[in-house]
Amino acid sequence: MITGEIKSQIDRIWNDFWTGGISNPLTVIEQFTYLIFLKQLDDKQILIEKETTILGSSLKKNIYSAAQSELRWSSFKDKDPELMYQLFTRPQVNIDNLTAFDFMKTLGATGGKFSEYMKGATFMIATPKLLDKVVQQIDKLPLNNKDTKGDLYEYMLGKIAEAGTNGQFRTPRHIIRMMVDLLAPKKDDTICDPSLGTAGFLVAASEYIRETQPDWFLEKDFREHYNTQMFNGMEIDPSMMRIASMNLQLHGIETPNLMGGSALAESNDTTSKYSVILANPPFKGALDYEEVEKSLLQITKTKKTELLFLSLILRMLKLGGRAAVIVPDGVLFGSSTAHKNLRKELVDNQQLQGVISMPSGVFKPYAGVSTAILLFTKTNSGGTDNVWFYDMKADGYSLDDKRNLLISEEALEQCFTEPENVLQGTAGKCDIPNILLDWNKIADLSSSAVADLVEARTQQSFLVPKADIVANDYDLSINRYKETIYEEVHYEKPSALIADIKSIDAKRQAAILELENMLG
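Predicted model only: the values in this text are computed from it and were never measured.

A. Summary view of the sheet that holds strand β8 (residues 386–391). Pairing in this open sheet of nine strands is mixed, and the strands run β3-β2-β1-β4-β5-β7-β6-β8-β9 from one edge to the other. Strand pairing shows two members of the sheet lacking a second neighbour, β3 (257–260) and β9 (461–465), which therefore form its edges. The average angle at which neighbouring strand axes cross in this sheet is 15°, direction not considered. Sheet analysis places strand β2 (residues 231–235) next to β3, joined by four bridges and oriented parallel. When the bridges of β3 are listed, Gly-233 appears paired with Leu-258.

What follows is the structure in structure tokens.
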């Protein structure tokens, strides 16, 4: 988390873009991303030159040739704004007659994962003054520190949620972190998000591993797995793909496996490949049957994207693979054949383990839809016994359009790092500590403890036997199973209330007389 001067610097950069005529948040972040990448390219070239000076040579290939020196960050950042702008907008007399912007688009695979997704990128900064302002601000950012540069980019991405334009808003970071903690990635996991967005789930999974299992990085095999196979994603929007790739790179994941295009399309035939899937798929939308990969329709024939994505996730998971997926409440109780078939598949043929019902304000102010998190394991042979339900009433933020933090940032962090120690301070304001603690207890419950939780349907956390779910036509909405206790309220008899009113009135009259006597 960034604070102080760095936060102020990012705010100034955002304001510079805004006052310079670029108000679309995605455009701002794209242009910001391109400039950061150019600075990183030059930083890498500087390291190569230092190695060459000290050792006489470098194993790394030069990024810039001598003829392209004017296109380097360290060269153009000190130029007059007009000259700098020309380097970005007019081809220069260099080895390939390139602009500084065109140069990074020509790197392709040699420039890393980010460069692979540069096709279609457009330089949108309209004036020399704005370019110079932003370049000077970025030059001051601490981009050599992995943790800081990752945090500052996350803070910039948070501006998408603040602006909320074009329907673009992200899954709240604390909800993502909770889902990652629930699945607790293991050393040999291959993690995928089929609706990548800004790569928040993959970044959170990476940070979870770094924070909880630092010793894993001492092993060569794990480092190789982490750098080449562990993180995977799919994204249909090329702009979001570039942003996601940069987000991963700034968090130390330089070679993720990312696939462009629709995850639901015919071209995606990925099967039994991933051991962990974390996702918040699109809630709205429908596709023609002809557009959808045929195997997805075998579980349930539907055009609804939220159901198709669940079918996709089941297909992409390995046997034993785990998933945490955000779905709209309609998936839990929808009465169509497609909805019922999907729920039946999860309950009868896979192992449905948990349903966390989230309050409708979680995605405010941009969406008021009620949502839930489904937790399940792919078995293809059943295994659902008791399903854990949690009625989440608070997530640490106000549930209105303002979404103000109700607890301290330190307490929100402790919800994940020390959930058992922060319970009292977050009671009624954040259910995340209880959710994490209850989830971890369920796997170790004795038969008697299971029975107690089955009987605890008046509480926020309880278990429901599979037989009850089947009897309720596979309905997974929490209100179908949670029991409400109605306490008898005793009211005074009307005659007693009238007597009380007369007594109060008599006292009022006496007070008025006393006041009149005092005034003479």
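B. Broad picture of the confidence of the model for the protein. Averaged over every residue, the pLDDT of the protein is 88; the share at 70 or more is 92%. In this model, residues 163–168 is a region of pLDDT below 50 whose contacts with residues beyond four sequence positions or in other chains number 10 contacts.

C. How the structure looks around the side chain of Ser-58. Note on placement: Ser-58 falls in the loop between α2 (25–55) and α3 (73–76). Reaching out from Ser-58, the side chain makes a polar contact with the side chain of Glu-51 at a distance of 2.8 Å. There is a polar contact of 3.2 Å between the side chain of Ser-58 and the backbone nitrogen of Lys-60.

D. Geometry of the nonpolar core. Counting residues in each nonpolar core, the largest one holds 58 residues, and the members touching the most others are Leu-278, Ile-356, Ile-373 and Leu-375. In contact with Leu-278, other than residues within four places in its own chain, are Met-179, Val-180, Leu-183, Ile-191, Cys-192, Asp-193, Pro-194, Phe-201 and Ala-324. Membership of the second largest hydrophobic core comes to 51 residues, among which are Val-28, Met-84, Ile-125 and Leu-152.

E. Highlighting the state of the cysteines. All chains considered together, the criterion is met by zero disulfides. Not part of a disulfide, Cys-430 finds its nearest cysteine sulfur in Cys-415, a span of 3.8 Å.

F. Inspection of the side chain of Asp-132 at higher detail. Here Asp-132 lies in helix α7 (residues 128–139). Buried within the structure, Asp-132 lacks any salt-bridge partner; Lys-133 is the closest side chain of opposite charge, at an N-O distance of 8.8 Å.

G. Fine view of the pattern of salt bridges. All told, the structure shown has 21 salt bridges when counted by the stated rule. Residue Asp-42 is joined to Arg-72 by a salt bridge in which the shortest nitrogen-to-oxygen separation is 2.6 Å. With a gap of 30 residues between them, Asp-42 in helix α2 and Arg-72 in the loop between α2 and α3 connect regions that are remote in the sequence. When sorted by exposure, Asp-42 lands in the same class as Arg-72, which is buried. A salt bridge links Lys-340 to Asp-473; the shortest N-O distance between them is 3.0 Å. Taken together, the positions of Lys-340 in helix α16 (residues 337–349) and Asp-473 in the loop between α21 (466–471) and α22 (494–518) put the pair 133 residues apart, joining distant regions of the chain. Overall, the relative accessible area of 28% leaves Lys-340 in the partly exposed class.

H. Looking closely at the packing of helix α9 (residues 173–183) against helix α19 (residues 432–442). Look at α9 against α19: their axes get within 10 Å of each other, and the N-to-C directions meet at 15°. Of the possible angle classes, the one that applies to α9 and α19 is roughly parallel. Crossing geometry of α9 relative to α19 is assigned as right-handed. Facing His-174, Met-178, Asp-181 and Leu-182 of α9, the residues of α19 in contact are Ile-432, Ile-435, Leu-436 and Trp-439. Residues belonging to the contact of α9 with α19 are distributed by class as follows: six nonpolar, one polar and one charged.

About the cut-offs
- Residues numbered from 1 in each chain as written.
- Predicted model: local features only at pLDDT ≥ 70, side-chain atom pairs only at ≥ 80, totals over all residues.
- Heavy atoms only, no water.
- Pairing = 2+ DSSP bridges.
- Helix = DSSP H or I, 4+ residues; strand = E, 2+ residues; numbered from the N terminus.
- Axes fitted to C-alpha atoms, helices over the stretch in contact; angles between N-to-C directions.
- pLDDT = per-residue confidence, 0-100.
- Contact = heavy atoms within 4.5 Å.
- Polar contact = N/O pair within 3.5 Å; in protein donor to acceptor, adjacent residues only side chain to side chain.
- Core = buried A, V, L, I, M, F, W, Y, C linked by side-chain atoms within 4.5 Å.
- Buried < 20%, exposed > 50% of the residue type's maximum accessible area, 1.4 Å probe, protein only.
- Disulfide = S-S within 2.5 Å.
- Lys, Arg positive; Asp, Glu negative; His and termini not counted.
- Salt bridge = Lys/Arg side-chain N within 4 Å of Asp/Glu carboxyl O.
- Parallel < 35°, antiparallel > 145°, perpendicular 65-115°, else oblique.
- Left-handed = near helix turned anticlockwise from the far one by under 90°.
- Nonpolar A, V, L, I, M, F, W, Y, C, P; charged D, E, K, R; others polar.

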